[in-house]
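# Tertiary structure, described
Listed below are the residues making up each chain.
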Amino acid sequence: MIKTELVWMNGKFVRWDEAKVHILTHGLHYGTSVFEGIRCYGTEDGPAVFRLKDHIKRLFDSAKVIMMKIPFKEKEIVEAVKETVRVNNLRECYIRPIAYYGYGNMGLNPMGNPVDVAIACYPWGTYLGEEGLRKGVRCKISSWSRIDSRMLPPLAKVTANYANSVLAKLEALNCGYDEAILLNFNGRVSEGPGENIFIVKNRVLMTPPASAGALLGITKDSIVTIAKDRGILTVETDLLKEQLFLADEAFFTGTAAEVTPIREIDGRTIGDGSRGPITEKLQSEFFKVVRGENKKHPEWLDFVR
Ligand code: PPE
């Protein structure tokens, strides 16, 4: 990981190497934290954070689900994110805000602990490799099911959820694949461990709904909007894994993953085994929007200067 200078912790900047927590931090033991992943891109008007307010809204929504009270206002965190990018003098970066039950009491009841908030930012290139972005990645349908909302809340970005994602990721890597695809308890396609999933079939874009356990992804929403701008129809619908195998194209979306084509799933080649034409169009449009080259969605860019 590439270090930067300063990390925002509870309203103050501390040096990167001093941004530490106590070993008995509640969130470390019990997964009682909520977080976001945000990207800032370089534009001709300087660095711009992509859909910052939407990400911070989702951070507070995640906190609400786990009954955590973040001791700041949404607006304060929005400003703090911009300030963090500014003081670190970064043109492009990944931003990781986290709110966690801190140090005070052990035991499952988190309520006696402070809620601490931190924001770090650092350079993070492509999530699944430069080649993955151009040619597509190879995926394994996971033997781990996506968490079900009767166990853990898949629509909230709670760190506890990510044990499920980590298991799926490790399995896929150990089996020689690049990434996992998780099915839910009903055997329907849900999402990747850190990405939403789309297929293209007969020129129609299809993606699982929230009720399939898929995060309300901000990149997903952006792609649906960009597709609509270009007259491409999107339907949110349950998908079976055979529909993935028989898709003309498939791709992941996510802040970290951006728009990553999928070229193979469990040994089946998707389409012609490379980035499909609709995927390519949406991907290139997405990069133009985030870098301010396509000016159709100015409301999505928050300039840091
Ligand atoms: N599903 C999950 C489970 C998920 O974690 C993410 C983001 C998405 C879908 C896509 O959501 P959005 O970023 O709003 O388009 N995953 C974050 C963490 C990835 C990581 O490895 O860490 C991210 O992309 O920042």
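Attention here is on the structure that accompanies the text. (Residues numbered from 1 in each chain as written. Predicted model: local features only at pLDDT ≥ 70, side-chain atom pairs only at ≥ 80, totals over all residues. Heavy atoms only, no water.)

### Brief notes about the packing of aromatic side chains
Summed over the entire model, instances satisfying the criterion amount to 11 aromatic pairs. Ring geometry for Phe 50 against Phe 286: centres 5.8 Å apart, planes inclined by 85 degrees, an arrangement best described as edge-to-face. Here Phe 50, found in strand β5 (residues 46-50), pairs with Phe 286, found in helix α8 (residues 277-290); they are 236 residues apart in sequence, far enough to count as distant. One aromatic cluster is present, built from ring pairs that chain together Trp 16, Tyr 94, Tyr 122, Trp 124 and Tyr 127. One residue, Arg 138, lies across the ring of Tyr 177, its end atom 4.9 Å from the ring centre. (Phe/Tyr/Trp six-rings, centres within 6.5 Å; stacked < 30°, edge-to-face > 60°. Helix = DSSP H or I, 4+ residues; strand = E, 2+ residues; numbered from the N terminus. Lys NZ or Arg CZ within 6 Å of the ring centre and 35° of its normal.)

### Thoughts on a nonpolar patch on the surface
Taken together, the side chains of Ile 23, Leu 24, Leu 28, Tyr 30, Tyr 103, Met 106 and Leu 108 make up a nonpolar region of the molecular surface, amounting to roughly 720 Å² of accessible area. As for its placement among the helices and strands, Leu 28 is situated in helix α1 (residues 26-30). (Patch = residues over 30% accessible without salt bridge, like charges linked within 9 Å, V, L, I, M, F, W, Y side chains within 5 Å. Areas by Shrake-Rupley, 256 points an atom, 1.4 Å probe, with all protein chains shown as cover. Salt bridge = Lys/Arg side-chain N within 4 Å of Asp/Glu carboxyl O.)

### Here's the deal with unusual backbone geometry
Positive phi is not limited to glycine here, since Asn 10 has a value of about 50 degrees. Looking at where Asn 10 falls in the secondary structure, it is placed in the loop between β1 (6-9) and β2 (12-15). On the basis of relative accessibility, which here comes to 35%, the residue Asn 10 falls in the partly exposed class. In the Ramachandran plot, Asn 202 falls in the positive-phi region, its phi being about 50 degrees despite a non-glycine side chain. (Buried < 20%, exposed > 50% of the residue type's maximum accessible area, 1.4 Å probe, protein only.)

### Digging into the layout of surface pockets
Put simply, the largest pocket is a space of about 570 Å³. For the largest pocket, the lining is made up of 33 residues, of which Phe 35, Tyr 127, Lys 157, Tyr 162 and Gly 194 are closest to its centre. Contributions of two or more residues to the lining of the largest pocket are made by β6 (93-101), α5 (162-174), α6 (218-229) and β14 (249-254). In terms of residue count, the dominant contributor to the lining of the largest pocket is α5 (4 residues). The residue makeup of the lining of the largest pocket, split by class, is 13 nonpolar, 11 polar and 9 charged. Domain assignment of the residues forming the lining of the largest pocket places at least three in each of domain 1 (6-122) and domain 2 (130-290). Its boundaries defined by the atoms lining it, the second largest pocket holds a volume of some 360 Å³. (1 Å grid on protein atoms, 1.4 Å probe; cavity = no way out; pocket = protein on both sides within 12 Å on 5 of 7 lines; lining within 4 Å. Points joined across faces, edges and corners; volume = space filled by probe spheres on them. Nonpolar A, V, L, I, M, F, W, Y, C, P; charged D, E, K, R; others polar. Domains from an automatic or database assignment.)

### Considerations on helix α2 (residues 52-65)
In this model α2 runs 20 Å from its N-terminal to its C-terminal C-alpha over 14 residues, within 8% of the 20 Å that 1.5 Å per residue would give. Directly after α2, the chain includes Met 67, whose backbone phi takes a positive value near 60 degrees. (Expected span 1.5 Å × (residues − 1).)

### A word on the site of the ligand
Taken together, the neighbourhood of the ligand is formed by 21 residues, with Tyr 94, Tyr 127, Tyr 162, Thr 219 and Thr 255 sitting nearest. A distance of 2.7 Å separates an oxygen atom of the ligand from a polar side-chain atom of Arg 58. In this structure, the ligand is accommodated by the largest pocket. Elements with a minimum of two residues in the shell around the ligand: β6, α6 and β14. Each residue belonging to the shell around the ligand can be placed in one class, and the counts come to 7 nonpolar, 8 polar and 6 charged. (Near = heavy atom within 4 Å. Polar contact = N/O pair within 3.5 Å; in protein donor to acceptor, adjacent residues only side chain to side chain. Sits in = over half its atoms within 2 Å of the grid points.)

### Some remarks on the pattern of salt bridges
Summed over the entire model, instances satisfying the criterion amount to 21 salt bridges. A salt bridge links Lys 82 to Asp 302; its shortest N-O distance comes to 3.2 Å. Separated by 220 residues along the polypeptide, Lys 82 in helix α3 (residues 74-87) and Asp 302 in strand β17 (residues 301-303) bring together distant segments of the chain. We note that Lys 82, like Asp 302, is buried. The network of salt bridges with common partners includes Lys 53, Glu 79, Lys 82 and Asp 302.

The values are spatial; any link to function lies outside them.
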